[in-house]
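Analysis of the macromolecular model
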Amino acid sequence: MFSKRRKSNRAEYPIPAPAPAPASSTAPPPPPWIELPEDLTANILQRLDAEEIIMSAMLVCSTWWRVCKNPSMWRVIDLDYRRCQHPDDFDDILSAVDFGIVWRSAMDRSQGQLVELKLTYLESEDGILNYIAERSSQLRCLTLERYFGRDHVAWTDAIKKFTQLEELHYIMMPEFDIKDFETIGTSCPMLKSFTYNESWCEQSEEEDDIDDGVRFSIQYGVAIGKTMPNLRHLRIWALETRNEGLEAILNGCPHLESLDLRRCYGLDLEGDLGKRCCEQIKHLKLPSDCASDLEVRLKSFEDIFWGF
């Protein structure tokens, strides 16, 4: 009657499952540096300039961001305005904005643990020293180099807050007056190392100016000897210096171990004073000693200042 239905072969030949879709959205494997211990990562990142860390490195990944927020990364900070300069920024607007971001970020991240700071080629005070002083009670070493726009009142207010300072290096900067030396000495009683060098020093041919220069060359020595008794290291480069001022330094700083007088003029060290310097100071550099390293710094300043 009816023919038997033919059995299906589906069981014998199952339909293959569809191939999985290509994993086009699969995340790439994490970069290998993510697996590094954080202390090793911090050691590597600290070899970069502060400007590089804040403007680029800490934005690479969440791990670097976390490491760069650790205050221990910011115990030593070296800030140089030139590293934020834009080659096509003729008005320096972008450069100033970038540098403002950098130095504020660096200070905020230090969270009061900053012990050593160097500031180079600052063109304006802009409250930076007071901002730092209010947040850096542990600061031990401060270097200011080529600081063109020093605000005298702001500088004085700030230096009075650096009571723990042991080193102050003031290089190629606007000149001090006698009260500035006294303010440093009285405000920083732990000061052991001091460098002072003005932007440039020229002998004047005017009689009144010469008299003022002689008085200053004696008085600043008296101020150092009177207010900085704990000094171990003193560098006064390319300054007019008189025997009376140098004697006041030797009398008032009995612990002085090194004294750098290179390119200073106005001294007569042929007699007893020169002999005393050699006997009292372990590491002495005389006005006529080689100053090639100093000359390079001075030449670099002149090129930048005059645009050569």
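The structure under discussion appears in the preceding block.
Here is a short report on the structure shown in this document. (Residues numbered from 1 in each chain as written. Predicted model: local features only at pLDDT ≥ 70, side-chain atom pairs only at ≥ 80, totals over all residues. Heavy atoms only, no water.)

1. A short note on the overall build of the protein chain
Scanning the protein chain from terminus to terminus reveals 11 helices and 8 strands. A separation threshold of at least 6 residues defines the contact pool for the protein chain, and within that pool the share at least 24 residues apart is 75%. Carbon and sulfur atoms make up 52% of the accessible area of the protein chain, which amounts to about 18000 Å² in all. (Helix = DSSP H or I, 4+ residues; strand = E, 2+ residues; numbered from the N terminus. Contact = heavy atoms within 4.5 Å. Areas by Shrake-Rupley, 256 points an atom, 1.4 Å probe, with all protein chains shown as cover.)

2. Digging into the environment of leucine 79
Relative to the assigned elements, leucine 79 resides in strand S1 (residues 76-80). The exposure class assigned to leucine 79 is buried, which follows from its relative accessible area of 0%. In this structure, leucine 79 is in contact with Ala50, Glu51, Phe99, Val102, Trp103, Met107, Lys118, Leu119 and Thr120, ignoring residues within four places of it in sequence. (Buried < 20%, exposed > 50% of the residue type's maximum accessible area, 1.4 Å probe, protein only.)

3. Notes on the packing of aromatic side chains
Evaluated as defined, the whole model comprises 13 aromatic pairs. Between phenylalanine 176 and phenylalanine 181, the aromatic rings sit 5.3 Å apart at their centres with planes inclined by 90 degrees, giving edge-to-face as the arrangement. A single burial state applies to phenylalanine 176 and to phenylalanine 181, both of which are buried. The rings of Trp155, Tyr170, Phe176, Phe181, Phe194, Tyr196, Phe216 and Tyr220 are connected pair by pair, giving a single aromatic cluster. Lying across the ring of tryptophan 65, arginine 109 places its NZ or CZ 5.8 Å from the centre. Between the NZ or CZ atom of arginine 135 and the centre of the ring of tyrosine 131, over which it lies, the distance is 3.5 Å. (Phe/Tyr/Trp six-rings, centres within 6.5 Å; stacked < 30°, edge-to-face > 60°. Lys NZ or Arg CZ within 6 Å of the ring centre and 35° of its normal.)

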